[in-house]
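Listed below, chain by chain, are the residues.
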Amino acid sequence: MMASKKIRSLRELYQDDPQRADALLFGRVPHGDRRGFLRGAGLAAMGATLGAAIPFHRFMPSGLIPVALAETTEEFVLEGKDGLIVLNDRPINAETPAHLLDDDVTPTARHFVRNNGIVPDNTSAEGWKLVIDGEVERPLELTIEDLKSQFEVVEYALQLECGGNGRAGFNPPAKGNQWTLGAIGNSKWTGVRLKDVLEKAGVKPSAVYTGHFGADTHLSGDPDKQALSRGMPIEKALDPYNLIAFQQNGQDLHPLNGAPLRLVVPGWPGSCSQKWLTRIWVRDRKHDGSKMEVPSYSVPAYPVAPGTDVPEADFVTIHSMPVKSMITSPQSGETLEPGQKSLALRGHAWAGDAGITKVEISNDFGATWSEATLKPLMNPYSWVTFESEVSFPTHGYYEIWARATDENGIAQPFAAPWNPKGYLNNAMHRIAVMVPRA
């Protein structure tokens, strides 16, 4: 029997060696070395992790990893995270199953993690500095206390989504983390408006783009290489809903989500929302930092057939994310009680820079649609929650489909156009429901 449901946290497994736990927890161990870390766990730790004794342990070859552990290392629990599925451990990348995203405001423990480099050793707010320089009249160097005292502190519910969310749905497969649906969150972020800080610095007419820098380090350990340094056009940078954030859901940021300071740029790929933020460089040209180069966070400028080799000159940088929705309740695979003929449906919809005008539901493979009820929007750039009641005429297998439409009249497709890097998959979400005989 597989032990995927019995995998314990790294803290428990390595309770006698916290440095070992921290190293794997924060992605400081090469992927290939995970087995070595597991070998360091004694017999008792292995048995506890499996949830059972190992009767024939005396026959185990030296260094053998039980297959149940070898096949489920991605199930390790991230400290301070609840139920996330780890896609990669170097760097740490983890998504949230759809049914765990049911809250209107995403709890910090259920917010996805997308890292490109190694988490800084020091994520304390004490002594942290943010530099604003480049095409500004008055370069600034600000502590977190300076931000709190010199600018209005605001809190917004803001949707943040990885550009590769949904990559697992493309065929032929695209390289990269195989996100399904859960690289999305809608937490409440507290901080100051990026616009206010830039205006205090005095943005020059020559300003075209921002460049963002963080304290994370490149996977190679080379201090001259950047793990990630992306930016955005100055027009987007001056949107009043972009935040320099120091809190998530009323608490200090989680280390894996950018403590102690990060950008939150809602509606655009999450890579624009630099974590462990140390510098914003206002530039007179498009930023050329790490992951700004084609094909990173770029798609073909025209539709292409699946598997097409697209010339680099034909890519464009992703800006606003597309319209999308997710069913969060019930969980896919739900079986109704005998005699039950309907169920309550719930989920969320969002659309990058645009608003949502409607969400439609189908239980007959798209032959007919009914409109769901939309709850009031918390603020611009928050996702909107939808609710509906779905009825079933008879027993059998059903699929429930959700389709959102944005304020520009653009609706989700059944299948999203393929692109080489697997970005922007906004295909309709579908869940399975079984209705038994009464």
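Sequence order sets the numbering: in each chain, residues are counted from 1 along the sequence as written. For this predicted model, a pLDDT threshold of at least 70 governs which residues receive local features, and a threshold of 80 or more governs which side-chain atom pairs are given and counted, while totals over whole chains, interfaces and linings are taken from all residues. Side-chain calculation: all heavy atoms of the structure are included, whereas hydrogens and water are not.

Novice: In this structure, what is going on with the overall build of the protein chain? I would like to understand it.
Specialist: Going along the chain from the N terminus, every DSSP run of H or I of four or more residues is numbered as a helix, and every run of E of two or more is numbered as a strand. When helices and strands are tallied, the protein chain shows eight helices and 23 strands. For every residue, the accessible area (1.4 Å probe, protein chains only) is compared with the maximum for its type, and the residue is labelled buried under 20%, exposed over 50%, or partly exposed between those bounds. Each of the 438 residues in the protein chain was classed as buried or not, and the buried ones make up 51%. Look at the contacts in the protein chain between residues 6 or more apart in sequence, and 72% of them connect residues 24 or more apart. Methods summary: accessible areas were calculated by the Shrake-Rupley approach with a probe of 1.4 Å, and residue burial reflects only the protein chains presented. Surface accessibility of the protein chain: about 19100 Å² in total, with carbon and sulfur atoms responsible for 51%. By the convention used here, residues are in contact when the closest approach between their heavy atoms is within 4.5 Å.

Novice: Please explain the sheet that holds strand β12 (residues 277–283) as it appears in this structure.
Specialist: Hydrogen bonds along the backbone pair up the strands of a sheet, which may run parallel or antiparallel. Pairing between strands requires that DSSP locate at least two bridges from one strand to the other. Reading across the sheet, the four strands line up as β5-β4-β12-β8 and stay open at both edges, with mixed pairing between neighbours. Edge positions in the sheet fall to β5 (140–143) and β8 (209–214), since each has one partner strand and no second. If you compare each strand with its neighbour and ignore which way they point, the axes differ by 15° on average. Judged from the four bridges that link them, strand β4 (residues 129–134) and β5 form a sheet pairing that is antiparallel. When the bridges of β5 are listed, Leu130 appears paired with Leu142. Note on geometry: axes are lines fitted to C-alpha atoms, helical ones only across the stretch in contact, with angles between N-to-C directions running from 0 to 180 degrees.

Novice: Honestly, empty space enclosed by the protein in this entry has me stumped. Any pointers?
Specialist: To find leftover empty space, one rolls a probe the size of a water molecule over the atoms. Whether a set of points on the 1 Å grid over the protein atoms alone is a cavity depends on a 1.4 Å probe fitting there but being unable to get out, while an open set qualifies as a pocket with protein on both sides within 12 Å along at least five of seven lines; lining residues are those with an atom within 4 Å of a point. Grid points are joined across faces, edges and corners, and a volume is the space filled by probe spheres set on the points. Taken as a whole and judged by the stated rule, the model has two cavities of 30 Å³ or more. For the largest cavity, the calculated volume is near 210 Å³. Arg114, Arg262, Gly270, Ser273 and Lys275 are the residues nearest the centre of the largest cavity, which is lined by 19 residues in total. Gly falls in the polar group here, along with every residue not listed as nonpolar (Ala, Val, Leu, Ile, Met, Phe, Trp, Tyr, Cys, Pro) or charged (Asp, Glu, Lys, Arg). Here the residues of the lining of the largest cavity sort into six nonpolar, nine polar and four charged.

Novice: Can you help me understand the pairing of strand β6 (residues 153–161) in this one?
Specialist: Each regular strand carries side chains that alternate between the two faces of the sheet. Taken across its nine residues, β6 has seven buried, putting it largely inside the fold. The sheet contact formed by β6 and strand β7 (residues 184–193) spans nine bridges and is antiparallel. Opposite Ala157, over in β7, you have Lys188 as the bridge partner.

Novice: I'm lost on the sheet that holds strand β1 (residues 85–89) in this one. Help?
Specialist: One open sheet accounts for three strands, arranged β1-β2-β3; its pairing is antiparallel. Edge positions in the sheet fall to β1 and β3 (113–114), since each of these pairs with one other strand and no more.

Novice: What am I meant to see in a nonpolar patch on the surface here?
Specialist: Residues with no salt bridge and a relative accessible area higher than 30% make up the patches, which join like charges within 9 Å and nonpolar side chains (Val, Leu, Ile, Met, Phe, Trp, Tyr) within 5 Å. Definition used for salt bridges: Asp or Glu carboxyl oxygen within 4 Å of a side-chain nitrogen of Lys or Arg. A surface patch of nonpolar side chains, amounting to about 310 Å² of accessible area, comprises Phe365, Tyr397 and Met434. Look at Phe365 and you get partly exposed, because its relative accessible area is 45%.

Novice: Explain the nonpolar core to me, please; I cannot follow it from the model alone.
Specialist: General note: in soluble globular proteins, nonpolar side chains tend to be found buried as a group. Take the buried Ala, Val, Leu, Ile, Met, Phe, Trp, Tyr and Cys residues and link them wherever side-chain atoms come within 4.5 Å; each set so joined is a nonpolar core. With 37 residues, the main nonpolar core has Ile132, Leu147, Leu194, Val197, Ile244, Leu261 and Ile280 as its most contacted residues. Breaking this core down by element, the ones donating at least two residues are β2 (92–95), β4, β5, α6 (144–150), α7 (194–201), α8 (234–237), β9 (243–248) and β12. Among the elements that make up this core, the one with the highest residue count is α7 (four residues). Counting residues in hydrophobic clusters, the runner-up holds 23 residues, among them Leu345, Val359, Ile361 and Phe392.

Novice: For this particular structure, what's the right way to read α7?
Specialist: In an α-helix, one turn spans 3.6 residues; hence positions three or four apart end up facing the same way. All of the buried residues along α7 are Leu194, Val197, Leu198 and Ala201. Each buried residue of α7 lies within a common arc of 95° when the element is viewed along its axis, so the set occupies one face. Gly202, located one to two residues past α7, shows a positive phi value of around 80°. The directions considered for the arc run from the helix axis to the C-beta atoms.

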